[in-house]
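# Residue-level structural notes
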Amino acid sequence: MNDLLDCQLIQWPDDQAAYIAAINENPANAGQRSGTRRKRSVLHYSKLWANGRTLKIAFMDAPDAEHKAKIICAASRWLPYINLKFDFVDDLQGDIRIATKNNDNSSMLGTDALLIHPDHPTMNLGVKPEHEDFEVIVIHEFGHALGAMHEHQHPKANIPWDKPKVYEFYKNREMNPLTEEQVDSNLFASFDTLDAIYTSYDRRSIMHHPVANTLTVGDWEVPINRKISKKDKRLMRLLYPR
Ligand SMILES: [Zn+2]
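First things first, this report covers the structure right here in the doc. (Residues numbered from 1 in each chain as written. Predicted model: local features only at pLDDT ≥ 70, side-chain atom pairs only at ≥ 80, totals over all residues. Heavy atoms only, no water.)

### Let's talk about the coordination of the zinc ion
Bound to the zinc ion are the protein donor atoms C7 (SG), H140 (NE2), H144 (NE2) and H150 (NE2), situated 2.0 to 2.1 Å from the metal. Mapping the donors of the zinc ion onto the primary sequence gives the spacing C-x132-H-x3-H-x5-H. Here C7, found in the segment before β1 (8-10), pairs with H140, found in helix α3 (residues 134-145); they are 133 residues apart in sequence, far enough to count as distant. You can call C7 buried: its relative accessible area is 2%. (Donors = N, O, S within 2.8 Å, 3.2 Å for Na, K, Ca; no water. Helix = DSSP H or I, 4+ residues; strand = E, 2+ residues; numbered from the N terminus. Buried < 20%, exposed > 50% of the residue type's maximum accessible area, 1.4 Å probe, protein only.)

### Focus on the side chain of E141
Examined against the element boundaries, E141 turns out to sit in helix α3. Look at E141: it is buried, it has no salt bridge, and the nearest opposite charge is R173 at 12 Å. A distance of 3.4 Å separates a polar atom in the side chain of E141 from the backbone nitrogen of S107. Among all residues touching E141, those that are not within four sequence positions of it are C7, N105, S106, S107, M123 and L125. (Lys, Arg positive; Asp, Glu negative; His and termini not counted. Salt bridge = Lys/Arg side-chain N within 4 Å of Asp/Glu carboxyl O. Polar contact = N/O pair within 3.5 Å; in protein donor to acceptor, adjacent residues only side chain to side chain. Contact = heavy atoms within 4.5 Å.)

### Concerning the packing of aromatic side chains
One pair of aromatic rings is described through two measures. These are the centre distance and the angle between the planes. Scanning the model with the defined rule gives 7 aromatic pairs in all. Aromatic side chains F86 and F88 sit 5.9 Å apart centroid to centroid with 80° between the ring planes, which places their arrangement in the edge-to-face category. For F86, a relative accessible area of 14% translates into the label buried. Look at F86 and F142: their rings are 5.9 Å apart centre to centre, the planes differ by 45°, and that puts the pair in the tilted class. One end of the pair, F86, is in strand β3 (residues 85-89); the other, F142, is in helix α3, and 56 residues separate them in sequence. Through successive ring pairs, a cluster of aromatic residues spans F59, F86, F88 and F142. (Phe/Tyr/Trp six-rings, centres within 6.5 Å; stacked < 30°, edge-to-face > 60°.)

### Regarding the pattern of salt bridges
Enumeration over the complete set of coordinates arrives at 10 salt bridges. K171 is the partner of E168 in a salt bridge, and the nearest nitrogen-oxygen pair spans 3.5 Å. You can see E168 and its partner K171 sitting in helix α4 (residues 163-172), 3 residues apart, about one turn around the helix. Note on E168: relative accessible area 40%, which makes it partly exposed.

Shown next as structure tokens:
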């Protein structure tokens, strides 16, 4: 399994604050109650940007021009499928703030970025521009920044994880080891947002982590998905319609 694809999707820990930020940005985030869905005591909402707006995207730590151009090129792969504009700036201020000097790849989920202190990044792109999957990783992180969840955590994914092996693997690896709790929240916990209402599970999604056959029961694996899938396009068109 490729460690560099092991991204951290970060959600703001205070759900009430995240909810308020989300509906202030875009009232449609409050969502609709659907008759087919079980009512639960937790809030269900999404973290989408106001449709039609321009997102200011800041490079906080001044990557060189070529590096920056590669990030812009990869991120812009989403643009044909969304009703948002990207305005990339060399600035410390932006709705999305990118840092490239750390080693990890992570992003806040959609409007949760609004809750991050303005001096701090909302997205880390530690992947080096010469990495063969640089573009894939940047597209994936921007998917989160637009509000897309991890596809392997889709409520209908039903991945036959060999859970004890998964815990072992992540606990013992050299780079960025994860506790059982982190494995639970990054791999096993399923989500329940508009993504799942709108689209079925898609193992080809660029938002799906690769799943190694050695970490599942039986013969089950997902290779690295290098392209925005048909379902990814459909989802983005539904989330940000023109
Ligand atoms: Zn991710």
